[in-house]
Amino acid sequence: MRRIRSFLGVLAAGACATALLPGMALAAPTAPYTALTVNLGEHAPLSVGRSAAYDDSSAKMRVERKPGGSFLIEAVVPSGTTEYRTNLVTAPPFGGSWEVGRTYPTAPVADVTHAQLDLTSTARYSCAESTGSITVQELRQDASTGAVDMFAARYRFTCAGQPSPISGEIRYNSSLDYVAAVPDRSRLSFEPVRVGESGSTSVEFSSAGSVGVQFGAASLGGTDPGAFTISEDTCSGRVVAPGSSCRVALTFRPDQLARRTALLQLPDNGPAGRQAVPIEATVTDGVKGTYYPVSPARLLDTRSGLGGHQGKLGPDSSLVLQVAGRAGVPGSGVAAAVLNVTVTGPTASSFLTVYPAGEARPTASSVNFAKDWLGSNNVTVQLDSRGRISIYNRAGSTHVVVDVVGFHHGASVAPTGLGQGGQYRPVAPVRLFDSRTDHRGALPAGAALNDWVDFAAFGKVDYNSHVKALVLNITAVQPLKDGFLTAWSGEGATPEISTVNYRAGKVVPNLAYVTTHRCPLIRCGMEDVARYMIYSSATTHLVVDLVGVIDDGLVADGLRFRANGPVRIVDSRIGMRLRTLSSAETGRVDLAGNPPPGLIDGATQVLATNVTAVTPEKNTVITVWPADAGMAKPASSNLNPQAGQIVSNGVLVGLGPRDAFHVHNLTGRADVVVDVVGSFYLYPGTASAPGTAVGVAGPKVAAVGDAEYALR
């Protein structure tokens, strides 16, 4: 219950107003001193709202005295059109008197064993219960009435249930110096910080007493001291003169979705012996690095002029393509786009390099091709600040077609209307479908594979309900004619895009991010499993391998994406991290000792790469998988180059616990080149434990569909 108290007919609590920090004196106060200091410390802002120091230069000081030593000191500070008042009332024990050097236990009302001590400020209530103490340092009283003519004391005041007291000093007409270190905020609260990002704040300590403040060494304590870092400190070990100030700055980089608290401690020579400023930080979840699928759509076709470039891309030339703001990709905040880049009708053997517009062209390739080649490659590419990419052609002339299937967001705030993005989950490669062993044989021209995959539950989590897209390696094997494959969720009509472009009689793989649709029980025989479809324009055998899953970002141990411009990390032709591979040889690429700057940190799990096989001696198969992770060589393949070809494919390369991966060549001698376009890192906000290894607790396939061929 609020307790109303008056002293000499004057209400101790003033009009309700917003508390403002009183102005600090530019020079030390001069004796005789009339002052009141308040060090809130760890005490909650109950009876008073903040730490402060008041004297004649910063406030209107009012003192009222009663016979016998009862005493009120009030500081009044203008606050807009109102006033902010701080009041301290004290009196000796009932029937007793003040004595210099004596410390008195205190209570809200004096009795025979307790002195009175009560402390309030505007819009604050007296504590229903409080304890404390007051130590008299200087005293002179009127001989006849006992009213104080001079008074100096130190006090401690604690509302019931608080962990530590408010402390301070009282001066009335006193010659005794006093120390006052006043923080510009009594609590440090960070603006909400998103997991994996950094926040900062600072506190300034002003010396507002009659003598300087001697500070010791700042430190962090409390519940979570390790969550915060002192990034700047101009206070420790200094004497700060009256009217001057110093500063301590803190940074906070959360690794979990949890509120964090701590305590900034700064020893000083004031009444409490230290400054103690509570710290609190609220952590929120952002969407930076998450993946958003879009309905597959065409952005560029040099055959028709779509995208702003009509006609073949010539030798040693490039074009700039706007990606952001088109085909469902937001106009801003996008870090990287996931594209399918197709080459058709090249007049010479060459390569394309796709990279952020405005940057120097890197030593890297995105699509490698021979004269008259028809093919495509999955390309993840960082966008420039305007949402653009550059596409460079080395030799000859070629038509270029670009389709977009999704994007990785680069901002913490979700794109308008799209909500939470997805996180990537690698899986040990699983073959979902192989028409060469299926009783129906090759997929007919004009038909589509209608298939689904069922995932096992994670404990009590139904993973199927979280799946948003599959990451597949889709291979056309010996098609009867030139043509293309199109992969999509199965919803609606077949999109007018291509996922794999192939020549007759070839073996052509491509990585694909394929949005899924939750298949109804009546269609799939299992409820809510992840459905996908793959259309072929010509009759071909079809192989589908699952290499990863994009979920809704709510399941533990998901990975998020960090984009970079293409960087070459392997070139066996010159012995860069790998030598030329012999027949049936497995090479090891070790990045732990010499990682490319900025590409790998302790949370990196998977590299987004373009892997190129260079002129193998024989038709061969290239397979890439994590090293030191207890994984045998997968039965699936990443590249199926023919003898003498230079061919590439997008590969999400898992790193083992020692930041290494294997590259296996099936037959003949072959060179391999690997370019990195980004990395997937373990997102701490949903990580079950820091450093979770690749493949651990990943989604497991429980069943695959009884596939059917559907005419389209």
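Rules of the game
- Residues numbered from 1 in each chain as written.
- Predicted model: local features only at pLDDT ≥ 70, side-chain atom pairs only at ≥ 80, totals over all residues.
- Heavy atoms only, no water.
- Helix = DSSP H or I, 4+ residues; strand = E, 2+ residues; numbered from the N terminus.
- Rg over C-alpha atoms; globule rule 2.2 N^0.38 Å.
- Buried < 20%, exposed > 50% of the residue type's maximum accessible area, 1.4 Å probe, protein only.
- Contact = heavy atoms within 4.5 Å.
- Polar contact = N/O pair within 3.5 Å; in protein donor to acceptor, adjacent residues only side chain to side chain.
- Pairing = 2+ DSSP bridges.
- Disulfide = S-S within 2.5 Å.

**Focus: the overall build of the protein chain**
Here's step 1: On a plain count of helices and strands, the protein chain comes out with one helix and 50 strands.
Here's step 2: Scaling as 2.2 N^0.38, a compact globule of 712 residues should have a C-alpha radius of gyration of about 27 Å, whereas the protein chain reaches 36 Å, well beyond that.
Here's step 3: Principal-axis analysis of the C-alpha atoms places the extent of the protein chain at approximately 120 × 55 × 45 Å.
Here's step 4: Within the span of the protein chain, comprising 712 residues, buried residues form 55% of the whole.
Here's step 5: Put simply, 76% of the contacts in the protein chain that link residues at least 6 apart link residues at least 24 apart.

**A short note on unusual backbone geometry**
Here's step 1: Cis geometry is found at the peptide bond from A31 to P32, where omega equals -5°.
Here's step 2: Looking at the secondary structure, you find P32 in the loop between β2 (10-11) and β3 (33-38).
Here's step 3: Phi is positive for D557, close to 70°, though the residue is something other than glycine.
Here's step 4: With respect to the helices and strands, D557 occurs in the loop between β41 (541-551) and β42 (559-571).
Here's step 5: Phi is positive for T615, close to 40°, though the residue is something other than glycine.
Here's step 6: Its place among the elements puts T615 in the loop between β44 (604-614) and β45 (622-626).

**Regarding the side chain of T580**
Here's step 1: Structurally, the position occupied by T580 is in the loop between β42 and β43 (585-590).
Here's step 2: Classification of T580 by relative accessible area gives buried; the value is 18%.
Here's step 3: Of note is the side chain of T580, whose polar atom sits 2.6 Å from the side chain of D671.
Here's step 4: Contact partners of T580, with chain neighbours within four places excluded, come to S572, E585, R669, A670 and D671.

**Describing the sheet that holds strand β18 (residues 219-221)**
Here's step 1: Read from one edge of the open sheet, four strands run β14-β23-β22-β18, paired in mixed fashion. Each having just a single partner strand, β14 (188-189) and β18 make up the two edges of the open sheet.
Here's step 2: Of the pairings in the sheet, the one linking β18 to strand β22 (residues 260-267) comprises three bridges and is antiparallel in character. The residue bridging S219 from the neighbouring strand is Q265, located in β22.

**Examining the state of the cysteines**
Here's step 1: Tallied over the entire structure, the rule returns two disulfides.
Here's step 2: Between the sulfur of C127 and that of C159 lies a disulfide, 1.6 Å long from S to S. Here the residue C127 occupies a position in the loop between β9 (115-121) and β10 (130-141), and C159 occupies one in strand β11 (residues 148-159), the gap between them amounting to 32 residues.
Here's step 3: With relative accessibility at 2%, the residue C159 sits in the buried group.

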